[in-house]
Amino acid sequence: APCRSVLTVACEQTEVLLFDPISSKHIKTLSEAHEDCVNNIRFLDNRLFATCSDDTTIALWDLRKLNTKVCTLHGHTSWVKNIEYDTNTRLLVTSGFDGNVIIWDTNRCTEDGCPHKKFFHTRFLMRMRLTPDCSKMLISTSSGYLLILHDLDLNKSLEVGSYPILRARRTTSSSDITSSGSSGPRAVGSPCHQNDSGALSEKHLSRSSQREGGSPRNSLEVLTPEVPGERDRGNCITSLQLHPKGWATLLRCSSNTDDQEWTCVYEFQEGAPVRPVSPRCSLRLTHCIEEANVGRGYIKELCFSPDGRMISSPHGFGIRLLGFDAQCRELVDCLPREASPLREIRSLYSHNDVVLTTKFSPTHCQIASGCLSGRVSLYQPKF
């Protein structure tokens, strides 16, 4: 929770666990929070939080009354994997393996749910994030593409062809972007080759209508992020996080043969291309490191520290604390000319199974990690 009073844990077997992170004591178990695996938890404020599940629903909960849900939200048709929240508009944003990004109006929430609408659709959707100022939406896919919606307007649903397409850094296939049909996601850990038949047509690209120094509302940029050691298309972007100050995005990528994993940091580059005819690229690879190839097929969720100076990354049966340099300086103070290795600051191993997730406390020097067998570990430094 933002106030650090509660640590919530999403579990594979329908449960949500609540702990006191200061005393490490177990507070409560929501034994039937959902009817299938719980995938993600997001606090909307200090008391209200949302959970999402493979049962295709989202549930809202109040810490003051955990015996019953505030409400259950129905709208997705497949596993729901991600929850974001715009604190300015009080709009909840969710994404799932049905390829849909759905907007929920929590201002008009009742026991029967919230008004909602489909905002965006793309094939092979894995993760979706909003930048801290909610000016951009980033979407990663199991086919290796990263989509960026610029100058975001959540009040406007995007239909096929209703958004400008910006020139991407690499040529991509329009068949993999928003379409009227839906296709299930590729399994994580399986080869992710695409059956591409052509590039984005010049007709689509001519609709870019870029304005000087910026982009039209909800303009779409399609990128194939550079991943060290894997130059072929087909990388699977399994985890997607954003720098707390909105300076960069953090990706966990696996190769198309699932024999390598990488953690990569990409700096945001704002503004229009240097030349109107040059490809646009809003991201630049600045740092990367190869990860342990352990627990194939499982997604490992990594994170930035609250100040953005460190990264906590699942690494085999533990976690690694990574910095941009040995002094853990700010990213903007140590930007390299070419992509440089992330520095390993410390490794922490306390699990007997593959670590799948890790999270910094938003207010204190504390890190939590969770492994496949269900163990949750808390770490804090000795001063």
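Throughout this document, residue positions are counted from 1 along each chain, in the order its sequence is written. Only residues with pLDDT of 70 or above have their local features reported here, since the model is predicted, and side-chain atom pairs are shown and tallied only from 80 upward, although totals for entire chains, interfaces and linings are computed over all residues. Excluding hydrogens and water, the side-chain values take into account all heavy atoms of the structure.

A. Spatial organisation of the UniProt feature "repeat: WD" (unreviewed entry) in the chain. The positions UniProt marks with the feature "repeat: WD" (unreviewed entry) are residues 31–64 and 73–105. Helix makes up 0% of residues 31–64 and strand 53%, with an end-to-end C-alpha separation of 17 Å. Helix and strand labels come from DSSP, where a helix needs a run of H or I of at least four residues and a strand needs a run of E of at least two; each type is numbered from the N terminus. For residues 73–105, the helix share is 0%, the strand share is 64%, and the end-to-end C-alpha distance is 11 Å. UniProt positions are given in the numbering used here, feature names are shortened, and annotations may be inferred rather than shown by experiment.

B. Structural view of the side chain of Lys136. You can see Lys136 is positioned in the loop between strand E12 (125–130) and strand E13 (137–141). Contacts were defined at the residue level, with two residues in contact if any of their heavy atoms lie within 4.5 Å. When near neighbours in sequence (up to four residues on either side) are disregarded, Lys136 contacts Arg129, Leu130, Thr131, Ile148, Leu149, His150, Leu152, Phe268 and Glu270.

C. Here's a closer look at the state of the cysteines. When two cysteine sulfur atoms lie within 2.5 Å, the pair is treated as a disulfide. On inspection of all chains with the given rule, the structure shows zero disulfides. Counting only cysteine sulfurs, Cys264 is the nearest neighbor of Cys253, a cysteine outside any disulfide, at a range of 4.8 Å. Accessible area is worked out with a 1.4 Å probe on protein chains only. A residue is then buried under 20% of its type maximum, exposed over 50%, and partly exposed in between. Relative accessible area serves as the criterion here: at 1%, Cys253 is assigned to the buried category.

D. Structural context of the side chain of Ser239. Along the chain, the position of Ser239 falls in strand E17 (residues 236–242). Of note is the side chain of Ser239, whose polar atom sits 2.8 Å from the side chain of Glu301. Apart from residues no more than four positions distant in its own chain, Ser239 is found in contact with Arg127, Leu250, Leu251, Arg252, Lys300, Glu301 and Leu302. A 3.5 Å cut-off defines polar contacts: any pair of N or O atoms within that distance qualifies, except that in protein one atom must be a possible hydrogen donor and the other a possible acceptor, and neighbouring residues in sequence count only when both atoms are side-chain atoms.

E. Seen up close, the packing of aromatic side chains. Between rings of Phe, Tyr and Trp, where Trp is taken as its six-membered ring, a pair exists when centres lie within 6.5 Å; planes separated by under 30 degrees are stacked, by over 60 edge-to-face, and by other angles tilted. Scanning all chains against the criterion turns up three aromatic pairs. With centroids separated by 5.2 Å and ring planes inclined at 40 degrees, the aromatic side chains of Phe43 and Phe49 adopt a geometry described as tilted. A residue is classified by how much of its surface remains accessible, and Phe43, at 13% relative accessible area, is buried. With relative accessibility at 0%, the residue Phe49 sits in the buried group. Look at Trp79 and Phe97: their rings are 6.0 Å apart centre to centre, the planes differ by 35 degrees, and that puts the pair in the tilted class.

F. Structural view of the environment of Leu335. Take Leu335: it is sitting in the loop between strand E23 (318–323) and strand E24 (340–341). Measuring from C-alpha to C-alpha, the distance between Leu335 and His287 comes to 8.7 Å, with 48 residues separating the pair along the chain. Sequence-distant contacts of Leu335, that is, excluding residues within four places in its chain, are made with Glu267, Arg284 and Thr286.

G. Up close: the environment of Gly316. Here Gly316 is to be found in the loop between strand E22 (310–315) and E23. C-alpha of Gly316 to C-alpha of His351: the two residues are 35 residues apart in sequence and 9.2 Å apart in space.

H. Geometry of the pairing of strand E14 (residues 146–150). Within E14, five of the five residues are buried, which leaves it mostly tucked inside the rest of the structure. Of the two faces of E14, the one holding Leu146, Ile148 and His150 and the one holding Leu147 and Leu149 are both buried throughout. Two strands pair if DSSP finds at least two bridges between them. Here E13 pairs with E14 via four bridges, running antiparallel. Of the residues in E14, the one forming a bridge with Ser140 is Leu146. Linking E13 back to E14 in an antiparallel pair, the connection comprises four residues, with Gly144 at a positive phi of about 90 degrees. In this structure, E14 lies alongside strand E16 (residues 219–223), joined through five bridges in antiparallel fashion. Each residue of the ladder has a partner; that of His150, found in E16, is Ser219.

I. Here's a closer look at the sheet that holds strand E27 (residues 367–371). Within the open sheet, the three strands sit side by side as E26-E27-E28. Their pairing is antiparallel. Either end of the sheet is taken by a strand with one partner, and the two such strands are strand E26 (355–360) and strand E28 (376–379). Looking at each pair of strands side by side, their axes are set apart by 20 degrees on average, direction ignored. Bridge count for E27 against E28 is four bridges, and the pairing is antiparallel. Bridge pairing links Ala368 to Leu378 in E28. Each axis is a line fitted through C-alpha atoms, taken for helices only over the stretch in contact, and angles between the N-to-C directions span 0 to 180 degrees.

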